[in-house]
Amino acid sequence: MRFSVAMPENLLMQFDQLVAKRGLAKNRSEVIRDLVREALVEEECTVLGREVMGTLTIVYNHHTTDLQNKLHDIQHRYLGSIISSMHVHLDADNCLEVIVLRGESGDVRDIANILLGVRGVKNGKLVTTTTGGNL
Ligand code: NI
């Protein structure tokens, strides 16, 4: 379907810069479709009961007492929702871990918050997504 969109000139100029950054394979229409899909997936991830995938990235100092044991215990406790994890040793003290989750949106968020709440976790972020269905 075709439709026309009105927007302020300044916004359109910035949008065209974004289109240019996404490379030669993308034009205005494709970037608008990408943005709409992104918004719909983001919205879907907030709906309780929806099946979502999540990647939780955390950074922590592995010298913090008992921290690694706690993170490990939590991951065993929720093994039905935690699919995989990858550990990267960043430097002499710090580690980065990417934990992949799959399950009901509320459960995925709760488990991520439990991991983020462990004392010694310096920072982290959960990114959720879905397959996008037939978008
Ligand atoms: Ni490490």
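Reference entry: report on the structure contained in this document. (Residues numbered from 1 in each chain as written. Predicted model: local features only at pLDDT ≥ 70, side-chain atom pairs only at ≥ 80, totals over all residues. Heavy atoms only, no water.)

## Considering the overall build of the protein
Broken down by element type, the protein carries four helices and four strands. Counted from the first residue to the last, the protein has its helices and strands arranged as α-α-β-α-β-β-α-β. In summary, the protein has a C-alpha radius of gyration of 19 Å against a globular reference of 14 Å for 135 residues, an excess of more than 25%. Each principal axis of the C-alpha distribution contributes one length, and for the protein these read about 60 × 35 × 25 Å. Classification of the 135 residues of the protein by burial places 29% in the buried group. The contacts in the protein between residues at least 6 apart in sequence include a share of 64% that link residues at least 24 apart. Counting only carbon and sulfur atoms, one obtains 54% of the accessible surface of the protein, whose full area is about 9,300 Å². (Helix = DSSP H or I, 4+ residues; strand = E, 2+ residues; numbered from the N terminus. Rg over C-alpha atoms; globule rule 2.2 N^0.38 Å. Buried < 20%, exposed > 50% of the residue type's maximum accessible area, 1.4 Å probe, protein only. Contact = heavy atoms within 4.5 Å. Areas by Shrake-Rupley, 256 points an atom, 1.4 Å probe, with all protein chains shown as cover.)

## Here we look at the coordination of the nickel ion
When a metal carries six donors in an octahedron, the ideal angles between them are 90 or 180 degrees, while four donors in a tetrahedron ideally lie at 109.5 degrees. Surrounding the nickel ion are the protein donor atoms His87 (NE2), His89 (ND1) and Cys95 (SG), at 2.1 to 2.4 Å. Each donor residue of the nickel ion lies on one chain, and together they are spaced H-x1-H-x5-C. Cys95 sits in the buried class, given a relative accessible area of 3%. (Donors = N, O, S within 2.8 Å, 3.2 Å for Na, K, Ca; no water.)

## A look at the sheet that holds strand β4 (residues 121-129)
Reading across from one edge, β2-β3-β1-β4 is the order of the four strands in this open sheet, with antiparallel pairing throughout. At either end of the open sheet lies a strand with only one pairing partner, and these are β2 (82-89) and β4. The mean angle between the axes of side-by-side strands here comes to 15 degrees, regardless of whether they run parallel or antiparallel. For strand β1 (residues 51-61) and strand β3 (residues 94-104), the ladder comprises 11 bridges, and the chain directions are antiparallel. (Pairing = 2+ DSSP bridges. Axes fitted to C-alpha atoms, helices over the stretch in contact; angles between N-to-C directions.)

## A short note on the environment of Leu71
Locating Leu71 in the fold gives a position in helix α3 (residues 67-77). Since its relative accessible area comes to 2%, Leu71 is described here as buried. A sequence separation of 18 residues divides Leu71 from Met53, and the C-alpha atoms of the two residues are 19 Å apart. When near neighbours in sequence (up to four residues on either side) are disregarded, Leu71 contacts Ile58, Tyr60, Leu115, Val118 and Val121.

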